[in-house]
Amino acid sequence: MDELVKKVAALGLPGIILVVTMAATGLTGAAAITAALAFLGGPAGMLGGIAVLGLTGLITDALTKVGLEDLLTAIYCQRRLSEPHGKLLDEIEQLSLFDGDIKERLKQTVTDGCGCSAASAANISDVTREARAILEAVPGMTPAHHRDFNSSNPIIRLRDGTAVRAWKNPLGVDHIFLADPDGKMIYGGFVGWIHSEGLNQALLQMRRDLT
């Protein structure tokens, strides 16, 4: 999906509109591009450029696998690295296709990098990298959405300053997060009830070896 994110990010706002249009209408191929261009009021010549990239099939696949919000989060994570944050915040605010909650979370992605765990991974210490590896090895560990990060509370402080944060949702599903010393999310995951003991063992290992 990384290549798709880079291509859509390079298109800027038209790329965002294309993704949202496909998610909202179910349109694919040229029909999706035409609908996106109609929304933008943009030049018809853009149609061929987007079609050559072959994006619509990749977008359809990504929407099926990760959903609209996660795909948009990844795109804005990429764009925030090279575009003015103020411009992106104005863009998000003006897009009426987003509901209010998604807008606020995408704004947080732009301003704080929330949800950009891949971008943060290159800068983490060996201690945090080991903690992440321990968590990812827990049976049943599934990536958690960054919107749940703010509901979590610190339970362990690693020796490099990284915080291990935990949250149990209303269904009793255990979520676990890693946050850097500035409070930004580095990693998030959750396990079902059947794997809770595995998570507990991982936390004991982290307390013993990494604090």
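For the structure, see preceding data.
Residue indices follow the written sequence of each chain, beginning from 1 at its first position. pLDDT decides what is reported in this predicted model: residues at 70 or higher carry local features, side-chain atom pairs at 80 or more are listed and counted, and totals for whole chains, interfaces and linings draw on all residues regardless. The side-chain numbers reported here are obtained from all heavy atoms of the structure, hydrogens and water having been left aside.

Enquirer: Can you walk me through the overall build of the chain in this structure?
Expert: Where helices and strands are cited, they refer to DSSP runs of H or I of at least four residues and of E of at least two residues respectively, numbered from the N terminus. Looking only at helices and strands, the chain features 11 helices and five strands. The rule is simple: take the accessible area with a 1.4 Å probe, protein chains only, and divide by the maximum for that residue type; under 20% is buried, over 50% is exposed, in between is partly exposed. When each of the 211 residues of the chain is scored for burial, the buried share is 44%. A contact between two residues is defined here by any heavy atoms of the two lying within 4.5 Å. A fraction of 60% describes how many contacts in the chain between residues 6 or more apart in sequence connect residues 24 or more apart. Per-residue and other accessible areas were derived by the Shrake-Rupley procedure at a 1.4 Å probe size, with only the shown protein chains allowed to occlude residues. Element-wise, carbon and sulfur atoms account for 55% of the exposed surface of the chain, whose accessible area totals about 10400 Å².

Enquirer: Sorry if this is basic, but what is going on with the sheet that holds strand β1 (residues 142–143) here?
Expert: Strand pairing in a sheet is mediated by backbone hydrogen bonds. Such pairs are either parallel or antiparallel. Should DSSP find at least two bridges between two strands, the strands are taken to pair. In spatial order, the strands read β1-β5-β4-β3-β2; together these five strands make up an open sheet with antiparallel pairing. Both edges of this open sheet fall to β1 and β2 (153–157), since each of them pairs with a single strand only. Judged from the six bridges that link them, strand β4 (residues 174–179) and strand β5 (residues 185–191) form a sheet pairing that is antiparallel. From the neighbouring strand, Phe177 faces β5, where its bridge partner is Gly188. For helices, the axis comes from a line fit to the C-alpha atoms of the stretch in contact; other axes are also lines fit to C-alpha atoms, and the angle between any two N-to-C directions lies between 0 and 180 degrees. This element, helix α11 (residues 196–210), spans β2, β3 (163–168), β4 and β5 of the sheet and lies at about 30° to β4.

Enquirer: So what exactly am I meant to see when it comes to helix α2 (residues 13–25) here?
Expert: The periodicity of an α-helix, 3.6 residues per turn, causes residues three or four places apart in sequence to face the same way. Under the 1.5 Å per step criterion, the end-to-end length of α2 is 18 Å for 13 residues, consistent within 8% with the ideal 18 Å. Every buried residue of α2 is accounted for by Pro14, Gly15, Ile16, Ile17, Leu18, Val19, Val20, Thr21 and Met22. Take the residue count of a helix, subtract one, and multiply by 1.5 Å to get its expected span.

Enquirer: Teacher, can you tell me more about the nonpolar core here?
Expert: Proteins that are soluble and globular tend to have nonpolar side chains buried together. Take the buried Ala, Val, Leu, Ile, Met, Phe, Trp, Tyr and Cys residues and link them wherever side-chain atoms come within 4.5 Å; each set so joined is a nonpolar core. Ranked by internal contacts, the top residues of the largest apolar core, which has 26 residues, are Val19, Ile59, Leu71, Ile75 and Tyr76. Counting only elements with at least two residues in this core, the list comes to α1 (2–11), α2, α3 (29–40), α5 (55–66), α6 (68–79), α7 (85–94) and α8 (100–112). Top contributing element to this core by residue count: α2, with six residues. In this structure, Val19 is in contact with Val8, Ile59, Leu63, Leu68, Leu71, Leu72 and Ile75, ignoring residues within four places of it in sequence. Counting residues in each nonpolar core, the second largest holds 20 residues, with Ala131, Leu158, Ile176 and Ile186 among its members.

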